[in-house]
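# Tertiary structure, described
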Amino acid sequence: ILGISTRRMEVLPGGLSILLGLFDILRIKELKPHPSALREGVLNELVGRIIGADIRDQSVEAMSTRMSVDKAQALRVENFAMKLFDQAAEDWGLEESDRTLLSWAARLHEVGRSIAFSGYHNHGGYILHNADMAGFSRFDQSRLAVLVKFHRGKIRFDEMRSLCPSLEKSHHNILLLLRLATRLHRRRSHKPLPKFVFKVYGNQVTLCIPTEYHQLRPLSYADLREEQRHLKKLGFDFYLEERDEIR
(Lines give C-alpha, C1' and ligand atoms only; values in the text may rest on other atoms or scores of the structure.)
Protein backbone atom coordinates (compact mmCIF):
# COMPACT_ATOMS: atom_id res chain seq x y z
CA ILE A 1 0.00 0.00 0.00
CA LEU A 2 1.78 3.10 -1.25
CA GLY A 3 2.14 6.01 1.15
CA ILE A 4 1.21 4.15 4.35
CA SER A 5 3.04 5.39 7.44
CA THR A 6 5.30 3.23 9.61
CA ARG A 7 2.90 3.70 12.54
CA ARG A 8 0.01 2.28 10.53
CA MET A 9 2.16 -0.57 9.23
CA GLU A 10 2.58 -1.81 12.81
CA VAL A 11 -1.15 -2.16 13.49
CA LEU A 12 -2.35 -3.21 10.03
CA PRO A 13 -1.62 -6.98 10.36
CA GLY A 14 -3.50 -7.21 13.67
CA GLY A 15 -6.50 -5.29 12.32
CA LEU A 16 -6.53 -7.38 9.17
CA SER A 17 -6.51 -10.60 11.22
CA ILE A 18 -9.54 -9.42 13.23
CA LEU A 19 -11.34 -8.38 10.05
CA LEU A 20 -10.70 -11.75 8.40
CA GLY A 21 -12.03 -13.47 11.52
CA LEU A 22 -15.23 -11.41 11.36
CA PHE A 23 -15.64 -12.22 7.68
CA ASP A 24 -15.36 -15.91 8.49
CA ILE A 25 -17.61 -16.03 11.60
CA LEU A 26 -20.32 -13.67 10.31
CA ARG A 27 -20.08 -14.94 6.72
CA ILE A 28 -19.50 -11.47 5.32
CA LYS A 29 -19.04 -11.52 1.55
CA GLU A 30 -18.19 -7.90 0.80
CA LEU A 31 -16.80 -4.82 2.54
CA LYS A 32 -17.22 -1.30 1.18
CA PRO A 33 -15.08 1.61 2.39
CA HIS A 34 -16.78 4.78 3.66
CA PRO A 35 -15.44 8.23 2.81
CA SER A 36 -16.23 9.65 6.29
CA ALA A 37 -14.34 9.05 9.53
CA LEU A 38 -14.70 9.69 13.26
CA ARG A 39 -14.79 13.48 13.07
CA GLU A 40 -17.66 13.43 10.58
CA GLY A 41 -19.57 11.06 12.87
CA VAL A 42 -19.07 13.39 15.84
CA LEU A 43 -20.28 16.38 13.81
CA ASN A 44 -23.36 14.47 12.63
CA GLU A 45 -24.18 13.53 16.21
CA LEU A 46 -23.84 17.14 17.40
CA VAL A 47 -26.09 18.36 14.58
CA GLY A 48 -28.59 15.68 15.55
CA ARG A 49 -28.74 17.01 19.09
CA ILE A 50 -29.45 20.50 17.80
CA ILE A 51 -32.34 19.45 15.55
CA GLY A 52 -33.88 17.07 18.10
CA ALA A 53 -32.54 13.75 16.82
CA ASP A 54 -30.24 12.95 19.76
CA ILE A 55 -28.72 9.49 19.47
CA ARG A 56 -28.55 9.39 23.27
CA ASP A 57 -32.36 9.28 23.41
CA GLN A 58 -32.21 6.23 21.18
CA SER A 59 -29.62 4.64 23.49
CA VAL A 60 -31.82 5.24 26.56
CA GLU A 61 -34.85 3.77 24.80
CA ALA A 62 -32.85 0.75 23.64
CA MET A 63 -31.51 0.17 27.17
CA SER A 64 -35.02 0.47 28.62
CA THR A 65 -36.38 -2.09 26.17
CA ARG A 66 -33.47 -4.49 26.47
CA MET A 67 -33.65 -4.55 30.28
CA SER A 68 -37.49 -4.86 30.34
CA VAL A 69 -38.06 -1.65 32.30
CA ASP A 70 -41.66 -1.03 33.42
CA LYS A 71 -42.20 1.90 31.07
CA ALA A 72 -45.54 2.94 32.56
CA GLN A 73 -43.95 3.37 35.99
CA ALA A 74 -40.90 5.08 34.48
CA LEU A 75 -43.19 7.54 32.69
CA ARG A 76 -45.07 8.33 35.90
CA VAL A 77 -41.82 9.07 37.70
CA GLU A 78 -40.47 11.07 34.76
CA ASN A 79 -43.56 13.26 34.44
CA PHE A 80 -43.59 14.07 38.15
CA ALA A 81 -39.84 14.71 38.20
CA MET A 82 -40.31 17.18 35.33
CA LYS A 83 -43.01 19.01 37.30
CA LEU A 84 -40.67 19.32 40.27
CA PHE A 85 -37.88 20.46 37.95
CA ASP A 86 -40.06 23.21 36.45
CA GLN A 87 -40.87 24.53 39.91
CA ALA A 88 -37.24 24.58 41.02
CA ALA A 89 -35.24 25.33 37.86
CA GLU A 90 -35.25 29.14 38.09
CA ASP A 91 -34.31 29.33 41.77
CA TRP A 92 -31.59 26.72 41.44
CA GLY A 93 -30.30 27.95 38.09
CA LEU A 94 -30.79 24.58 36.43
CA GLU A 95 -30.28 24.28 32.68
CA GLU A 96 -31.89 22.30 29.89
CA SER A 97 -29.05 19.78 30.02
CA ASP A 98 -29.95 19.10 33.67
CA ARG A 99 -33.56 18.51 32.66
CA THR A 100 -32.48 16.05 29.97
CA LEU A 101 -30.26 14.13 32.37
CA LEU A 102 -33.09 13.92 34.92
CA SER A 103 -35.44 12.64 32.22
CA TRP A 104 -33.00 9.88 31.22
CA ALA A 105 -32.44 8.88 34.85
CA ALA A 106 -36.19 8.66 35.49
CA ARG A 107 -36.65 6.46 32.44
CA LEU A 108 -33.85 4.13 33.54
CA HIS A 109 -34.08 4.28 37.34
CA GLU A 110 -35.41 0.70 37.50
CA VAL A 111 -33.05 -0.78 34.92
CA GLY A 112 -31.45 -2.95 37.59
CA ARG A 113 -34.70 -4.77 38.43
CA SER A 114 -34.06 -7.11 35.51
CA ILE A 115 -31.21 -8.59 37.58
CA ALA A 116 -32.77 -8.65 41.06
CA PHE A 117 -35.27 -6.63 43.05
CA SER A 118 -33.07 -6.54 46.13
CA GLY A 119 -30.61 -3.70 45.70
CA TYR A 120 -31.79 -3.03 42.16
CA HIS A 121 -30.56 0.56 42.33
CA ASN A 122 -27.02 -0.75 42.85
CA HIS A 123 -27.37 -3.09 39.88
CA GLY A 124 -28.73 -0.21 37.80
CA GLY A 125 -25.82 2.04 38.67
CA TYR A 126 -23.35 -0.69 37.71
CA ILE A 127 -25.09 -1.38 34.40
CA LEU A 128 -25.18 2.26 33.36
CA HIS A 129 -21.61 2.89 34.43
CA ASN A 130 -20.24 -0.02 32.40
CA ALA A 131 -22.62 -0.39 29.46
CA ASP A 132 -21.77 0.74 25.93
CA MET A 133 -24.30 3.53 25.32
CA ALA A 134 -23.92 5.20 21.93
CA GLY A 135 -23.66 8.98 22.01
CA PHE A 136 -22.81 9.27 25.71
CA SER A 137 -19.51 10.61 26.93
CA ARG A 138 -17.99 8.70 29.83
CA PHE A 139 -18.66 11.72 32.06
CA ASP A 140 -22.37 11.95 31.24
CA GLN A 141 -22.79 8.20 31.53
CA SER A 142 -21.13 8.30 34.96
CA ARG A 143 -23.46 11.10 36.05
CA LEU A 144 -26.42 9.04 34.90
CA ALA A 145 -25.12 6.03 36.84
CA VAL A 146 -24.85 8.11 40.03
CA LEU A 147 -28.46 9.28 39.73
CA VAL A 148 -29.78 5.75 39.23
CA LYS A 149 -27.63 4.18 41.95
CA PHE A 150 -28.59 6.78 44.57
CA HIS A 151 -32.22 7.46 43.68
CA ARG A 152 -33.11 5.47 46.80
CA GLY A 153 -31.43 4.26 49.96
CA LYS A 154 -28.43 5.74 51.73
CA ILE A 155 -26.29 8.41 50.13
CA ARG A 156 -22.61 7.51 50.22
CA PHE A 157 -20.31 10.21 48.91
CA ASP A 158 -17.28 7.94 48.63
CA GLU A 159 -19.20 5.68 46.22
CA MET A 160 -20.57 8.67 44.34
CA ARG A 161 -17.05 10.00 43.82
CA SER A 162 -15.79 6.59 42.71
CA LEU A 163 -18.44 6.56 39.96
CA CYS A 164 -17.96 10.21 38.98
CA PRO A 165 -15.15 12.17 40.69
CA SER A 166 -16.26 15.62 39.50
CA LEU A 167 -19.93 16.16 40.34
CA GLU A 168 -21.40 19.66 40.29
CA LYS A 169 -23.93 21.12 42.73
CA SER A 170 -26.68 20.88 40.10
CA HIS A 171 -26.25 17.11 40.13
CA HIS A 172 -27.23 17.00 43.81
CA ASN A 173 -30.27 19.10 42.97
CA ILE A 174 -31.57 16.78 40.28
CA LEU A 175 -30.79 13.75 42.46
CA LEU A 176 -33.10 15.24 45.09
CA LEU A 177 -35.86 15.66 42.47
CA LEU A 178 -35.50 12.06 41.31
CA ARG A 179 -35.57 10.73 44.87
CA LEU A 180 -38.78 12.62 45.65
CA ALA A 181 -40.44 11.52 42.41
CA THR A 182 -39.70 7.85 43.07
CA ARG A 183 -40.78 8.13 46.71
CA LEU A 184 -44.14 9.61 45.79
CA HIS A 185 -44.80 6.92 43.19
CA ARG A 186 -43.97 3.98 45.43
CA ARG A 187 -47.49 2.55 44.95
CA ARG A 188 -46.94 2.10 41.19
CA SER A 189 -50.54 3.17 40.64
CA HIS A 190 -52.01 4.70 37.50
CA LYS A 191 -54.23 6.90 39.67
CA PRO A 192 -53.10 10.54 39.82
CA LEU A 193 -51.29 11.79 42.90
CA PRO A 194 -52.75 14.45 45.18
CA LYS A 195 -51.69 17.97 44.24
CA PHE A 196 -48.32 19.12 45.58
CA VAL A 197 -46.46 22.41 45.54
CA PHE A 198 -42.67 22.33 45.55
CA LYS A 199 -40.68 25.34 46.76
CA VAL A 200 -36.94 25.87 47.00
CA TYR A 201 -34.81 28.59 48.50
CA GLY A 202 -31.16 27.71 48.24
CA ASN A 203 -30.69 24.52 50.23
CA GLN A 204 -34.10 24.84 51.89
CA VAL A 205 -36.67 22.63 50.18
CA THR A 206 -40.38 22.53 51.03
CA LEU A 207 -43.00 20.13 49.73
CA CYS A 208 -46.54 21.33 50.40
CA ILE A 209 -48.86 18.36 50.89
CA PRO A 210 -52.59 18.02 51.63
CA THR A 211 -53.43 17.98 55.34
CA GLU A 212 -54.98 14.52 55.10
CA TYR A 213 -52.04 13.04 53.16
CA HIS A 214 -50.60 11.18 56.16
CA GLN A 215 -53.95 9.39 56.53
CA LEU A 216 -54.50 8.69 52.83
CA ARG A 217 -50.93 7.54 52.10
CA PRO A 218 -49.33 6.61 55.45
CA LEU A 219 -46.45 4.63 53.92
CA SER A 220 -45.62 7.35 51.40
CA TYR A 221 -45.79 9.92 54.18
CA ALA A 222 -43.39 7.81 56.27
CA ASP A 223 -41.08 7.61 53.25
CA LEU A 224 -41.04 11.40 52.99
CA ARG A 225 -40.20 11.70 56.68
CA GLU A 226 -37.33 9.28 56.21
CA GLU A 227 -36.19 11.25 53.18
CA GLN A 228 -35.63 14.27 55.40
CA ARG A 229 -32.72 12.42 57.02
CA HIS A 230 -31.19 11.31 53.72
CA LEU A 231 -31.45 14.74 52.10
CA LYS A 232 -29.85 16.33 55.14
CA LYS A 233 -26.74 14.32 54.34
CA LEU A 234 -26.93 15.59 50.77
CA GLY A 235 -26.88 19.16 52.14
CA PHE A 236 -30.59 20.02 52.00
CA ASP A 237 -33.10 20.98 54.68
CA PHE A 238 -36.28 19.26 53.54
CA TYR A 239 -39.59 20.35 55.07
CA LEU A 240 -43.13 19.04 54.75
CA GLU A 241 -45.82 21.71 54.93
CA GLU A 242 -49.41 20.55 55.37
CA ARG A 243 -52.14 22.69 53.79
CA ASP A 244 -55.90 22.41 53.77
CA GLU A 245 -55.95 23.68 50.19
CA ILE A 246 -53.21 23.55 47.59
CA ARG A 247 -53.40 25.70 44.49
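Refer to the preceding data block for the structure.
Residues numbered from 1 in each chain as written. Predicted model: local features only at pLDDT ≥ 70, side-chain atom pairs only at ≥ 80, totals over all residues. Heavy atoms only, no water.

Right, let's get into the overall build of the chain. Tallying secondary structure elements over the chain gives eleven helices and three strands in all. For the chain, the sequential pattern of α-helices and β-strands runs α-α-α-α-α-α-α-α-α-β-β-α-α-β. Here the C-alpha atoms of the chain give a radius of gyration of 23 Å, more than 25% beyond the 18 Å that 2.2 N^0.38 yields for 247 residues. Along the first, second and third principal axes, the C-alpha atoms of the chain reach 80 × 35 × 35 Å. Out of the 247 residues in the chain, the part that is buried amounts to 41%. Look at the contacts in the chain between residues 6 or more apart in sequence, and 65% of them connect residues 24 or more apart. Surface accessibility of the chain: about 14,800 Å² in total, with carbon and sulfur atoms responsible for 55%. Here the chain contributes 38 positive and 31 negative side-chain charges, whose respective centroids are spaced 5 Å apart. (Helix = DSSP H or I, 4+ residues; strand = E, 2+ residues; numbered from the N terminus. Rg over C-alpha atoms; globule rule 2.2 N^0.38 Å. Buried < 20%, exposed > 50% of the residue type's maximum accessible area, 1.4 Å probe, protein only. Contact = heavy atoms within 4.5 Å. Areas by Shrake-Rupley, 256 points an atom, 1.4 Å probe, with all protein chains shown as cover. Lys, Arg positive; Asp, Glu negative; His and termini not counted. Charge placed at Lys NZ, Arg CZ, Asp CG, Glu CD.)

As a further point, take helix α6 (residues 120-130). Taken as a whole, α6 has its buried residues at Y120, H121, G124, G125, I127, L128 and H129. Lining the buried residues of α6 we find α3 (55-66), α5 (96-108), α7 (138-149) and α8 (157-163).

Summarising the element assignment, R179 is placed in helix α9 (residues 169-184). The spacing of R179 and R161 is 18 residues in sequence and 19 Å in space, taken between C-alpha atoms. Setting aside anything within four residues of it in sequence, one finds R179 in contact with F150, H151, R152, G153, I155, E227, H230 and L231.

This part takes up the sheet that holds strand β1 (residues 197-201). In spatial order, the strands read β1-β2-β3; together these three strands make up an open sheet with mixed pairing. Since the sheet does not close on itself, it has two edges, and those belong to β1 and β3 (237-243), each with one partner. Adjacent strand axes in the sheet meet at a mean angle of 20° when their direction is disregarded. The pairing of β1 with strand β2 (residues 204-210) spans five bridges and is classified as antiparallel. (Pairing = 2+ DSSP bridges. Axes fitted to C-alpha atoms, helices over the stretch in contact; angles between N-to-C directions.)

Let us now look at helix α4 (residues 71-92). Bending of α4 peaks at approximately 35° at the position of D86. The N-cap of α4, judged by a side-chain oxygen 3.3 Å from the amide nitrogen of A72 a few residues on, is D70. G93 sits one or two residues past α4 and shows a positive phi near 70°. (Bend = angle between axes of the 7 residues up to and from the residue. Polar contact = N/O pair within 3.5 Å; in protein donor to acceptor, adjacent residues only side chain to side chain.)

This part is about the environment of L163. Along the chain, L163 turns up in helix α8. Under the relative-accessibility criterion, L163 is labelled buried at 14%. Sequence separation of L163 and S142 is 21 residues, and the distance between their C-alpha atoms is 5.9 Å. Filtering out sequence-adjacent residues up to four positions away, L163 remains in contact with H129, S142, A145, V146, K149 and F150.

Among the structural elements, C164 can be located in the loop between α8 and α9. Separated by 41 residues in sequence, C164 and H123 place their C-alpha atoms 16 Å apart. Residues in contact with C164, not counting those within four places in the same chain, are F139, S142, R143 and V146.

Turning next to the pattern of salt bridges. Across all of its chains, the model carries 21 salt bridges by this definition. E227 serves as the salt-bridge partner of R179, at 2.4 Å between the closest nitrogen and oxygen. With R179 in helix α9 and E227 in helix α11 (residues 218-233), this pair connects stretches of sequence that are 48 residues apart. Of the two residues examined, R179 and E227, each falls in the buried class. Taking the shortest distance from any N to any O, the salt bridge between E241 and R243 comes out at 2.8 Å. Exposure remark for E241: the relative accessible area of 29% places this residue in the partly exposed category. By sharing partners, the salt bridges in this structure join R179, R183, R186, D223, E226, E227 and R229 into a single network. (Salt bridge = Lys/Arg side-chain N within 4 Å of Asp/Glu carboxyl O.)

Geometric descriptors of this kind do not, in isolation, establish any biological role.
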